[in-house]
Every structure is written in structure tokens, then in C-alpha cells.
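Listed here are the chains, written in short residue letters.
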Amino acid sequence: MVYSNILEAVGHTPMVRLSHMAPEGGAEVLVKYEGLNVGGSIKTRTALNMIEDAEKRGLIGPDTIIVEPTSGNQGIGLALCGAVKGYRTVIIMPDSVSEERRKLVRHYGAEVILVHDAGNIGDCIDQCLQKAMDMATSDPKVFVPQQFDNPANPAVHRAHTALEILEQVGGPIDGFCAGFGTGGTISGIGEVLREHNPGLEIWAVEPENAAILSGGSIGTHLQMGIGDGVIPKNLNTEIYDNLYIVSDDEAIQTARDLARLEGLMCGISSGTNVAAAIQLARKLGPGKTVVTVLPDTAERYFSTPLFDE
């Protein structure tokens, strides 16, 4: 099969059973490896769907400038979509994100605007959003997808990611866990998985230094792409049964273990999700199945403590 462009190849990422890290006497743990997605992360799915939804609704046209505040992967996905579709793209990011993220956005031809993270990621994301909205106010050509609020974000996970998971697993799913940034992944996937598995237990996973749902204080952390210090409109707060908090150290060590024990090169938030999945597997016990996602690839973390060894 020959694709007309790379965006036609988005999705259909592999599901992998953890053979060495699943807890002894616990449930099996299956991970959906989005590092092999086009653009290197799960966010290409949402970026593409938000842009194509806006195209269908006549909100953007050939002269549109796409502007989005993001902590990383969504910006890379939007820059990729802009490159293929011919839109000028501007990504506004906290300066605490990895250098690789900035370089990847620029490599796709997009502009990067950095906002200083003074130690509160929620405040910084708010500043990024305000800058984007100010740009939209001053220029009618600017379109801000607003990933935290845009219903096309969770919609793509309901229509595609979740259905891929159901087909790949091919049987009952007893547990699902995921961190949240925009809320799209855990809400969109979780809603569909629960429709097909009414007894499904879902855990929302939070970084220790940005555990907003758990009532914690908001600082800065290394689990990029989740824990943005805001409760997004796209988060279905009725979908999860439990909150699980993961420290930066645990997330990093689990991500390293995924590479060394399972051969899965993935980022820090993948370590977050798997750390929670292992605990959920212990809770559910043998004969059960736990699913989570590995949101991105490790190659955009070379400048972070993930590779400080």
C-alpha cells in the first residue's frame, strides 16, 4: 500500500505484553506502544483529528495560522500536520520541556515561543494559553485548537485508539490506567473500554508534584505531557475509580526498565503509566488483564534525567 502522505499512516500501533515487568502472581500487563506512531507519539492522533475537524467545520483555511500552547507532544503533532497540510504553525511551550521537543517542532518548520516555567507548571500553561488567545484576538487568521477543551481530542480515541485496543486484546479487559494532560486519552479510551467491559477498573495517574485531582500542590516535574496543573474540560471526572501518584524517580526508573527488560524505548510518562499498571495488576491478581499506553518514544528525552546515568 502506498500512502498519499504520512498522515494516512497514523494509528494502528502495536500492543505488547510485558514479559519481564508484570508482577508475579498478578494480572498480565499489555501496553499500546505509541512511540511507533507517526510523529513518535499518541498526540499525532489528536492533533490530526482536531485539524481535520476544524477543516470540516470551515474554521480554518489555506491562510490559517495554527497556534497552540502545549507541554510538548501535541505541539510536535500539530507541527507535523501543519507541514503536510501547508499551515503555518506556532507552538507556545514552557521552557521546562526537553530541548528535543523544541527541536522537533522547529524541524517540522513550525515556530516555537517559550514561556518561563518559574516552578508552577499550571501557571506556566495558563500563560502559554493566554499568549495564544491574545494572538488569536489580534489576528483573525489565527486558530487555536485548544486541546484541553476541544471535543475532537477525546473523540479520536473513542473512534480509533480504543477500538484498536479492543480488537488487539480480543477478550476481557479488567483494568486500564493512564496519566492525563488534556484528559483526552483516559476519557476517550476509558469510556469505550468500559462500555465493552462494565466491571473495568480505571486509574487516573498523576505526577507527585502536580497531583491536582488528589489535592496536592502544583510545582514542576519531569513527567512531560501529563500533570499540566489544570483540570481540563476534556477530562471525564466520572470515568476513573482511583487516583495513583507517581514520583519522577519512579517514572524514570520504570521507563529505563521498559528499555532494558522489555526492549521498549519510551518516554518518562510511559514509565508513569506502567508504574501504575504494575500496581493495578497486583491488585487485580492472576487471570486478569490490565492495559495502558506508552505515549511516546525515548528519543525526545536525551537531554533529560532519563538518560543521566
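Residues numbered from 1 in each chain as written. Predicted model: local features only at pLDDT ≥ 70, side-chain atom pairs only at ≥ 80, totals over all residues. Heavy atoms only, no water.

Participant: Break down the side chain of Thr297 for me, with residues and values.
Facilitator: Within the secondary structure, Thr297 is located in the segment after strand E10 (289–294). Judged by its relative accessible area of 11%, Thr297 is buried. (Helix = DSSP H or I, 4+ residues; strand = E, 2+ residues; numbered from the N terminus. Buried < 20%, exposed > 50% of the residue type's maximum accessible area, 1.4 Å probe, protein only.)

Participant: Describe helix H5 (residues 152–169), and please don't skip the residues or the numbers.
Facilitator: Counted at 1.5 Å a residue, the expected span for H5 with its 18 residues is 26 Å, and the 25 Å between its end C-alpha atoms agrees. The largest bend in H5 is about 40 degrees, located at Arg158. Within H5 the residues assigned to the buried category are Ala152, Asn153, Pro154, Val156, His157, Thr161, Ala162, Glu164, Ile165, Leu166 and Val169. On the buried face of H5, the contacting elements are strand E1 (15–17), strand E2 (28–33), helix H1 (43–56), helix H6 (184–196) and E10. (Expected span 1.5 Å × (residues − 1). Bend = angle between axes of the 7 residues up to and from the residue. Contact = heavy atoms within 4.5 Å.)

Participant: Can you tell me about the sheet that holds strand E5 (residues 111–115), naming the residues and giving the values?
Facilitator: The parallel open sheet is built from 4 strands, whose spatial order is E5-E4-E3-E6. At either margin of the open sheet sits one strand with a lone partner, and together these are E5 and strand E6 (142–143). In terms of strand pairing, strand E4 (residues 88–94) meets E5 through 5 bridges, oriented parallel. Among the inter-strand pairings, Ile92 is bridged to a residue of E5, identified as Ile113. (Pairing = 2+ DSSP bridges.)

Participant: Outline unusual backbone geometry, supporting the account with residue identities and numerical values.
Facilitator: If you check the backbone angles, His12 has positive phi at about 55 degrees while not being a glycine. One can find His12 in the segment before E1. Exposure remark for His12: the relative accessible area of 68% places this residue in the exposed category. One non-glycine residue, Gln146, adopts positive backbone phi at about 55 degrees. Structurally, Gln146 can be placed in the loop between E6 and H5.

Participant: Describe the packing of H1 against H5, listing the residues and the values that go with them.
Facilitator: The contact between H1 and H5 brings their axes to 8 Å, and the two run at 125 degrees. By the criterion of interaxial angle, the relationship of H1 to H5 is oblique. The crossing of H1 and H5 is right-handed. Contact with H1, carried on its side by Arg45, Thr46, Asn49, Met50 and Asp53, involves Ala152, Asn153, Ala155, Val156, His157, His160, Thr161 and Glu164 of H5 and no other residues of that element. The residue makeup of the contact of H1 with H5, split by class, is 4 nonpolar, 6 polar and 3 charged. (Axes fitted to C-alpha atoms, helices over the stretch in contact; angles between N-to-C directions. Parallel < 35°, antiparallel > 145°, perpendicular 65-115°, else oblique. Left-handed = near helix turned anticlockwise from the far one by under 90°. Nonpolar A, V, L, I, M, F, W, Y, C, P; charged D, E, K, R; others polar.)

Participant: Outline the packing of H5 against H6, listing residues and values.
Facilitator: Remark: H5 packs on H6, axes separated minimally by 8 Å, with the N-to-C direction vectors making an angle of 50 degrees. Classified by the angle their axes make, H5 and H6 are oblique. For the pair H5 and H6, the crossing hand works out as right-handed. In this structure, H5 contributes Asn153, Pro154, His157, Arg158, Thr161, Ala162, Leu163, Ile165 and Leu166 to the contact, and H6 contributes Gly184, Thr185, Gly188, Ile189, Glu191, Val192, Leu193 and His196. Within the contact of H5 with H6, the residues separate by chemical class into 8 nonpolar, 7 polar and 2 charged.

Participant: Would you mind going over the sheet that holds E2 in detail, with residue names and values included?
Facilitator: Spatial strand order, E1-E2-E10-E7-E8-E9: 6 strands in an open sheet with mixed pairing. Each edge of the open sheet carries a strand with a single partner, namely E1 and strand E9 (242–246). Adjacent strand axes in the sheet meet at a mean angle of 25 degrees, parallel and antiparallel pairs treated alike. The sheet strands contacting helix H8 (residues 268–284) are E2, strand E7 (175–179), strand E8 (201–207), E9 and E10, and the helix crosses E10 at an angle near 175 degrees.

Participant: I'd like a description of the nonpolar core, backed by residues and values.
Facilitator: By size, the foremost hydrophobic cluster in this structure holds 54 residues, and its most contacted members are Leu18, Val105, Leu258, Val274 and Leu294. Residues within four places of Val105 in sequence aside, it is in contact with Gly75, Ile76, Ala79, Ile91, Met93, Ala110, Glu111 and Val112. (Core = buried A, V, L, I, M, F, W, Y, C linked by side-chain atoms within 4.5 Å.)

Participant: Describe H1, and please don't skip the residues or the numbers.
Facilitator: When the terminal C-alpha atoms of H1 are compared, their 20 Å separation across 14 residues agrees well with the 20 Å that a helix rising 1.5 Å per residue should span. Considered for burial, the residues of H1 that qualify are Lys43, Thr44, Arg45, Thr46, Ala47, Leu48, Met50, Ile51 and Ala54. Tucked into the core, H1 has its buried residues touching E2, strand E3 (65–69), helix H2 (73–85), E6 and H5.

Purely spatial values, then, with no claim about function.
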